[in-house]
Amino acid sequence: MVLSEKRILLIISGGIAAYKSLDLIRRLRERGATVRPILTQAAQEFITPLAVGALSACHVYTDLFSREDEQDVGHIRLARECDLVLVAPATADLMAKMANGLANDLASTVLLATERPVLVAPAMNPKMWSHPATRRNLATLQADGIRFIGPMAGEMAESGEQGLGRMTEPLEIVAAVEALLDDAPKPLSGRKAIVTSGPTHEPIDPVRYIANRSSGRQGHAIAAALAKLGAEVTLVSGPVTIADPTGLRTIHVERAEEMRDAVLSLLPADIAVMVAAVADWRVASSSGQKIKKQPGDAPPALLLTENPDILKTVGHHAQRPKIVVGFAAETQNVEDNGRAKLTRKGADLIVANDVSPDTGIMGGTRNRVKIISATGIADWPDMDKDEVATRLALLIADRLVEGAKP
Ligand code: C5P
């Protein structure tokens, strides 16, 4: 069991998702972990220390100024005597405190004092999650090396609102904890990977843009799968509505040119997987002001110009990564187009798929791909995008190891 002997310091902050933390404690303990819980004051409005204590079979810490607790272990020992600090749920308030180094209760003090890895599972109203203040705090915390899992999209427990904000389900949090604490050697340890994902938005004017139907699901899944195999992954994502994957860094961009700049700034790297559905064209000179519709005027003509081909640039770059993988989303002649792309773009592998509307692949959760390389074509059966990602990551790892052989 990956988690046997592992000590998790679980910080539960005040949100309705706190009820899921009771199950989370059980799941972690089932896998052999010991769980030492800290409840914020607000968390105690949602679940009781009694329930948390019973499920964790451990003393529940709630108060920074408890003389008894300070004599027992003290907040500095709490911060140190663990393998991982897990914050689930993390409210917007606690994230704001963490991002600003505030330490005015036990949870925030321990978070400021700890040198252990910290994994955060946010849960809040979608408006709070998308608020610029929370976006800033998230970026600060990610830059500080804090890992995140979720939030997920779905219906909010209190308001019935839809959007990103639900806490990730306990079993998924457990899987992220296991991945973080798994110290077994991994095939891509020490390897640097760049993954692009999602669409790009090419502005027509400040309010309108050209885009495509990419959801980012496949690219994000590939970034996560490479990270699981131990690679140090940076995901360069266009605008998507899905959450950033955990265990890696995500850079958010809008336009193809921004995506290219971000990718090139990340070279040198060992692996590049270019999954993004980059817009082929952008508006030659997008307007700085909203283009107004005037009665009687003809519709404006849009003059398009070609976007940089990021895959091709990387595939022919002086600092070309050892493995370069491209995608070919086609609606016809999938194999021929894929093979042509392999040479034209300087890729080692092309993952080709038929994205005709009746396949449901674009935006869906499943994919059916052909892997095209210089030596042939492998036809993979229809499977979940996560499964495609895992298999592709393993294939990349195999090729890197083979390439390393004398
Ligand atoms: O030429 P096409 O768009 O079909 O090629 C698809 C592959 O090239 C994908 O891997 C995609 O991420 C990449 N690409 C790119 N930059 C572009 C266009 C495509 O990186 N401007």
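Just above sits the structure.
This text gives an overview of the structure that appears in the document. (Residues numbered from 1 in each chain as written. Predicted model: local features only at pLDDT ≥ 70, side-chain atom pairs only at ≥ 80, totals over all residues. Heavy atoms only, no water.)

Side note on the packing of helix α1 (residues 18-30) against helix α2 (residues 49-56)
Angle between the axes and distance between the axes are the two parameters that describe a pair of packed helices.
For step 1, the next point in the chain: Where α1 meets α2, the axes come as close as 9 Å, and the angle between the chain directions of the two elements is 10 degrees. By the criterion of interaxial angle, the relationship of α1 to α2 is roughly parallel. Read as a crossing pair, α1 and α2 show a hand that is right-handed. Each of Leu22, Ile25, Arg26 and Arg29 in α1 lies in contact with α2, whose residues at this interface are Ala51, Val52, Leu55 and Ser56.
For step 2, the next point in the chain: Looking at side-chain class alone, the contact of α1 with α2 contains 5 nonpolar, 1 polar and 2 charged residues. (Axes fitted to C-alpha atoms, helices over the stretch in contact; angles between N-to-C directions. Helix = DSSP H or I, 4+ residues; strand = E, 2+ residues; numbered from the N terminus. Parallel < 35°, antiparallel > 145°, perpendicular 65-115°, else oblique. Left-handed = near helix turned anticlockwise from the far one by under 90°. Contact = heavy atoms within 4.5 Å. Nonpolar A, V, L, I, M, F, W, Y, C, P; charged D, E, K, R; others polar.)

Some points on the sheet that holds strand β1 (residues 7-12)
For step 1, the next point in the chain: Judged by pairing direction, the sheet is parallel, and its 5 strands sit side by side in the order β2-β1-β3-β4-β5 without closing on themselves. Edge positions in the open sheet fall to β2 (34-39) and β5 (147-148), since each of these has one partner strand only.
For step 2, the next point in the chain: Where strand β3 (residues 84-90) meets strand β4 (residues 118-122), 4 bridges bridge the pair, whose relative direction is parallel. What sits directly across from Ala90, in β4, is Pro122.
For step 3, the next point in the chain: On top of the sheet, α1 reaches β1, β2 and β3; it is set at about 175 degrees to β1, its chief contact.
For step 4, the next point in the chain: Along the sheet, α2 contacts β1 and β2; its crossing angle with β2, the most-contacted strand, is approximately 170 degrees. (Pairing = 2+ DSSP bridges.)

Looking at the packing of helix α5 (residues 92-100) against helix α8 (residues 132-143)
For step 1, the next point in the chain: One can describe the packing of α5 onto α8 by two numbers: an axis separation of 9 Å at closest approach and a directional angle of 50 degrees. On the basis of the axis angle, α5 is oblique to α8. Note on packing geometry: the crossing formed by α5 with α8 is left-handed. Of α8, the residues touching α5 (which contributes Ala92, Met95, Ala96, Met98, Ala99 and Asn100) are Thr134, Asn137, Leu138, Thr140 and Leu141.
For step 2, the next point in the chain: Tallied by class, residues from the contact of α5 with α8 come to 7 nonpolar, 4 polar and no charged.

Re the pattern of salt bridges
For step 1, the next point in the chain: Evaluation of the coordinates by the stated rule reveals 29 salt bridges.
For step 2, the next point in the chain: Residues Lys97 and Asp93 are paired through a salt bridge, measuring 3.9 Å at the closest nitrogen-oxygen approach. On the criterion of helical spacing, the pair formed by Lys97 and Asp93 is a turn pair, its members being 4 residues apart in helix α5.
For step 3, the next point in the chain: We note a salt bridge from Asp382 to Arg366, for which the minimum N-O separation is 2.8 Å. Linking Asp382 in the loop between β20 (376-379) and β21 (383-384) with Arg366 in strand β18 (residues 366-367), this pair joins segments that are 16 residues apart in sequence.
For step 4, the next point in the chain: By relative accessible area, which is 39% here, Arg366 ends up partly exposed.
For step 5, the next point in the chain: Via salt bridges that share partners, Asp23, Arg26, Arg27, Glu30, Arg31 and Glu178 belong to a single interconnected network. (Salt bridge = Lys/Arg side-chain N within 4 Å of Asp/Glu carboxyl O. Buried < 20%, exposed > 50% of the residue type's maximum accessible area, 1.4 Å probe, protein only.)

Let's talk about the state of the cysteines
For step 1, the next point in the chain: Taken as a whole and judged by the stated rule, the model has 0 disulfides.
For step 2, the next point in the chain: Free of any disulfide, Cys58 has its nearest cysteine sulfur in Cys82, 12 Å distant.
For step 3, the next point in the chain: On the basis of relative accessible area, Cys82 is assigned to the buried category, the value being 1%. (Disulfide = S-S within 2.5 Å.)

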